[in-house]
Amino acid sequence: MKNDLDQIDRKILVSIQNDARKSIAEVAHVAGLSTSPCHKRIRAMEKSNVILG
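Here the structure is a predicted model, which is why all the values come from computation and not from measurement.

1. Focus on unusual backbone geometry
Positive phi values are uncommon outside glycine, yet asparagine 49 reaches one of about 65°. Structurally, asparagine 49 can be placed in the segment after α3 (35-47).

Printed below as a string of structure tokens:
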């Protein structure tokens, strides 16, 4: 994944930044995704160092 974040990735990041203790299901709900695609996007952002912690 490049640093080309789409609108859904940005929603995920904002949600995590607001409360990093949210569950994947809560983040997915905010982003308008189901849990599996949301988790894949989070892992991809971690792998590309968009999410560091």
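2. Let's talk about the pattern of salt bridges
Evaluation of the coordinates by the stated rule reveals 2 salt bridges. The salt bridge partner of arginine 41 is aspartate 6, with a shortest N-O separation of 3.0 Å. You can see arginine 41 sitting in helix α3 and its partner aspartate 6 sitting in the segment before α1 (7-18), a full 35 residues away along the chain. By relative accessible area, which is 22% here, arginine 41 ends up partly exposed. Given a relative accessible area of 33%, aspartate 6 falls into the partly exposed group.

3. A look at the environment of leucine 13
Following the sequence through the fold, leucine 13 ends up in helix α1. Classification of leucine 13 as buried rests on a relative accessible area of 15%. A C-alpha to C-alpha distance of 8.1 Å links leucine 13 and isoleucine 51, two positions 38 residues apart in sequence. If we ignore the near neighbours within four places in the chain, the residues touching leucine 13 are Leu5, Met45, Val50 and Ile51.

4. Notes on the packing of α1 against α3
Two elements in contact, α1 and α3, have axes whose closest approach is 11 Å; the angle formed by their N-to-C orientations is 80°. When the axis of α1 is compared with that of α3, the two are roughly perpendicular. Counting all contacts with α1, which are made through Ile8, Asp9, Ile12, Leu13 and Ile16, the residues of α3 involved are Cys38, Arg41, Ile42 and Met45. Along the lines of polarity and charge, the residues of the contact of α1 with α3 split into 7 nonpolar, no polar and 2 charged.

Thresholds, definitions, all that
Throughout this document, residue positions are counted from 1 along each chain, in the order its sequence is written. pLDDT decides what is reported in this predicted model: residues at 70 or higher carry local features, side-chain atom pairs at 80 or more are listed and counted, and totals for whole chains, interfaces and linings draw on all residues regardless. Side-chain metrics in this entry use all non-hydrogen atoms of the structure; hydrogen atoms and water are not considered. Counting from the N terminus, the helices are DSSP H or I runs at least four residues long and the strands are E runs at least two residues long. Here, a salt bridge means any side-chain nitrogen of Lys or Arg that lies within 4 Å of a carboxyl oxygen of Asp or Glu. Only protein chains enter the accessibility calculation, which uses a 1.4 Å probe. A residue is then buried if its area is under 20% of the maximum for its type, exposed if over 50%, and partly exposed in between. The criterion used for residue contact is that any of the two residues' heavy atoms lie within 4.5 Å. Interaxial angle, 0 to 180 degrees, is taken between N-to-C directions of lines fitted to C-alpha atoms, where a helix line uses only the stretch in contact. Geometric relationships in this document are graded by angle, where less than 35 degrees denotes roughly parallel, more than 145 denotes roughly antiparallel, 65 to 115 denotes roughly perpendicular, and other angles denote oblique. Classification convention: Asp, Glu, Lys, Arg as charged; Ala, Val, Leu, Ile, Met, Phe, Trp, Tyr, Cys, Pro as nonpolar; all other residues, Gly among them, as polar.

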